[in-house]
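# Residue-level structure breakdown
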Amino acid sequence: MTEFFTIKHIDNSRLVRPIAPNRMRECARLVLLGVSIALCAFLYAWQHFETIQLRYHLESLRGERTLAAELNQELKLEVAGLRAPGRIDIIARRQLGLTAPVPGQVAPMDLPPGAVLAEARPMGTPPTQR
């Protein structure tokens, strides 16, 4: 016996499937919930990575501040050494050829009235009243 198969073309293009309004609202709610959860997750991740970057930057700035403080201390010590009176006296005598003034070589100045004259005195002694 021979069997024949026939193909029947069915055109369903004119059919419209009714969509339940409650189903569409539920779908929209689920999509909105998923988008809000994803947004929160991305926001959390961005804040987390930004915090890590700021910590690295803060540590590098702390290291730079430590180096700057060390350099500042070294420069203060160098300035103190360069300002030492003994060093200045040696440079004045040896390199510049200066000598201590002999008596009579220094002439007193006539000061205008009310002028203040600086005087050298040992540490801890009170200033003299004139």
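Here is a short report on the structure shown in this document. Model, not experiment: these values are computed from the prediction. (Residues numbered from 1 in each chain as written. Predicted model: local features only at pLDDT ≥ 70, side-chain atom pairs only at ≥ 80, totals over all residues. Heavy atoms only, no water.)

### Examining the overall build of the chain
Each helix and strand in the chain was counted, giving two helices and zero strands. Relative to a compact globule of 130 residues, whose C-alpha radius of gyration would be 14 Å, the chain shows 47 Å and is clearly more extended. Overall size of the chain, expressed as C-alpha extent along the three principal axes, is 150 × 45 × 25 Å. The buried share among the 130 residues of the chain stands at 1%. Taken as two groups, the 16 positive and 12 negative side-chain charges of the chain have centres that lie 7 Å from each other. (Helix = DSSP H or I, 4+ residues; strand = E, 2+ residues; numbered from the N terminus. Rg over C-alpha atoms; globule rule 2.2 N^0.38 Å. Buried < 20%, exposed > 50% of the residue type's maximum accessible area, 1.4 Å probe, protein only. Lys, Arg positive; Asp, Glu negative; His and termini not counted. Charge placed at Lys NZ, Arg CZ, Asp CG, Glu CD.)

### A short note on the pattern of salt bridges
Enumeration according to the criterion identifies three salt bridges in this entry. In this structure, Asp89 and Arg93 form a salt bridge, with 3.0 Å as the shortest nitrogen-oxygen distance. Here Asp89 pairs with Arg93, and both are found in helix 2 (residues 85–95), just four residues apart, close to one helical turn. Given the relative accessible area of 35%, Asp89 is considered partly exposed. (Salt bridge = Lys/Arg side-chain N within 4 Å of Asp/Glu carboxyl O.)

### What to know about the environment of Gln47
Within the fold, Gln47 resides in helix 1 (residues 21–82). Distance from Gln47 to Pro101, taken between C-alpha atoms, is 74 Å for residues 54 residues apart in sequence.

### Concerning a nonpolar patch on the surface
On the surface, Leu30, Leu33 and Ile37 cluster together to form a nonpolar patch covering roughly 310 Å² of accessible area. By the secondary structure assignment, Leu30 is in helix 1. According to the relative accessible area criterion, Leu30 is exposed, its value standing at 55%. (Patch = residues over 30% accessible without salt bridge, like charges linked within 9 Å, V, L, I, M, F, W, Y side chains within 5 Å. Areas by Shrake-Rupley, 256 points an atom, 1.4 Å probe, with all protein chains shown as cover.)

### Quick word on the environment of Thr51
Relative to the assigned elements, Thr51 resides in helix 1. Each C-alpha atom, one on Thr51 and one on Gly104, is 75 Å from the other, the two residues being 53 residues apart in sequence.

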